[in-house]
Amino acid sequence: MEFLSEYGLFLAKAVTLVAAVLFLVAGLVALGSKNKKEAEGHIEVKKLNEKFEDMLHTLQSAILDEAELKLLDKDHKNEEKAKKKEAKAKLKSKSKDDSDSDEAAKKRVFVLDFDGDTQASAVDNLREEISALLTIATSADEVVVKLESPGGMVHTYGLAASQLQRIVDKEIPLTVAVDAVAASGGYMMACIGNKILAAPFAIIGSIGVVAQLPNFHRLLKKNDIDVELLTAGEHKRTLTMFGENTEKGRQKFLEDLEDVHSLFKDFVSTHRPQVNISEVATGEIWYGTRAIDQNLIDEIKTSDEYLQSLHPECDIYSISYEVKKSLQEKIGISVASAADGVINRLIARFGHERRF
């Protein structure tokens, strides 16, 4: 027992030391980058058609015999010659009839990825990607957003949804594809789309608002510790973690939650009028095959299946905004990510932010 006691004490000290080092490293990184000019990112574009073609050629090379490969190679060369001949013909006819040439051109599909956390921090990249594609995309094109998010803070997901609204406002068809989860704030983003696709077991819905916080008033009072909270404005602080909460403050907090929920329901109803909002706005979630029965989505299909169905009739481009990070920043991000994980777990249990 004495050994276990000593070992437990040693382990506690070790954990404390590691935590102190992590916070020290994070502080040093923050200080080092405080006066540093914000790194500028850049847009990266990849043509996904090439990826699909490479996959096909790799499998053909592994499976087919030499004679079949030669035949395929010959057919491929003939197709390439025909394409070049067709391109030259289009180029010649362009000066005569531009409209006909435009109609003959392949449809372009621009693919964006949004992997959302509770703060919707990916919105910073999303806004840059959308700003870039709006410089070239037209109503003849299509934007596909591969969306994954369990939801999070109200104001940040509101901003993320507003970014997708920019695409729709330009009358560019927007398809949202959900492979795993688009719940709460994630679903608020998804319902902006002209079409929502989801995998059979993707989590959809959770149209509700939640907030919770601990209260240590009785513990503090038991230990003769007073907490004074001074405010200007009747409802500046409705509930508090350390003071004594009142029924009036609690009621106001509930009213605020109901107001946010009402805004959420109105938002979904505006963008998906086919949804019976009184049935689905209960905070419940539905899997893809059930969500389609509630008109929360339009089709059961994965993003991979959908994009491959567009190839080769469409030119498919993946657009991403990339920022090159220094070693200092990478260390800081790793430390911050670890801390964020701990904080998110605490907030999930004790947090008081209003969340979708």
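First, a word on what this report is: a plain description of the structure on this page.

Let us now look at helix α2 (residues 48-63). Between its terminal C-alpha atoms α2 stretches 23 Å, which fits the 22 Å expected from 16 residues at 1.5 Å a residue. Inspection of α2 places Leu 48, Asn 49, Phe 52 and Gln 60 among the buried residues, and these make up the whole buried set. Projected onto a plane normal to the axis of α2, the buried residues spread over an arc of 120 degrees and lie on a single side. Of the exposed residues in α2, the ones pointing more than 90 degrees away from its buried face are Thr 58 and Ala 62.

Moving on, we come to the packing of helix α5 (residues 123-133) against helix α6 (residues 154-169). Running from N to C, α5 and α6 cross one another at 10 degrees; their axes reach a closest spacing of 10 Å. Between α5 and α6, the angle is such that the two are roughly parallel. Residues Val 123, Leu 126, Arg 127, Ile 130 and Ser 131 of α5 form the contact with α6, whose participating residues are Leu 159, Ala 160, Gln 163, Leu 164, Arg 166 and Ile 167. A breakdown of the residues in the contact of α5 with α6 according to their chemical character gives seven nonpolar, two polar and two charged.

This part covers the pattern of salt bridges. Going through the model one piece at a time under the given rule, you end up with 10 salt bridges. Among the salt bridges present, the one from Arg 272 reaches Asp 298, with a minimum N-O distance of 3.0 Å. Note that Arg 272 is positioned in the loop between α9 (247-271) and α10 (277-280) and Asp 298 in the loop between α11 (288-291) and β9 (299-300), a separation of 26 residues in sequence. Its relative accessible area of 2% is what places Arg 272 among the buried residues. For Asp 298, a relative accessible area of 32% corresponds to the partly exposed category. The salt bridge partner of Lys 301 is Glu 299, with a shortest N-O separation of 3.1 Å.

Reading the values: the criteria
What you see as residue numbers is a count from 1 along each chain, following the sequence as written. Local features in a predicted model are, by the rule used here, given only for residues with pLDDT of at least 70; side-chain atom pairs are given and counted only at 80 or more, and totals for whole chains, interfaces and linings are based on all residues. Only hydrogens and water are set aside when side-chain values are computed; all heavy atoms of the structure are taken into account. Helix and strand assignments come from DSSP, with helices taken as H or I runs of at least 4 residues and strands as E runs of at least 2, each series counted from the N terminus. To estimate how far a helix should reach, multiply one less than its number of residues by 1.5 Å. Summary of the burial criterion: residues with accessible area below 20% of their type's maximum are buried, those above 50% are exposed, and those between are partly exposed, where the area comes from a 1.4 Å probe applied to protein chains only. As used here, the arc is the angular range of directions from the helix axis to the C-beta atoms. Throughout, an axis means a line fitted to C-alpha atoms (over the contacting stretch in the case of helices), and angles, computed between N-to-C directions, take values from 0 to 180 degrees. Any angle between 65 and 115 degrees counts as roughly perpendicular, while under 35 counts as roughly parallel, over 145 as roughly antiparallel, and the rest as oblique. In what follows, a contact means two residues having at least one pair of non-hydrogen atoms within 4.5 Å. Gly is placed with the polar residues, together with every amino acid not listed as nonpolar (Ala, Val, Leu, Ile, Met, Phe, Trp, Tyr, Cys and Pro) or charged (Asp, Glu, Lys and Arg). Should a side-chain nitrogen of Lys or Arg be within 4 Å of a carboxyl oxygen of Asp or Glu, the pair is scored as a salt bridge.

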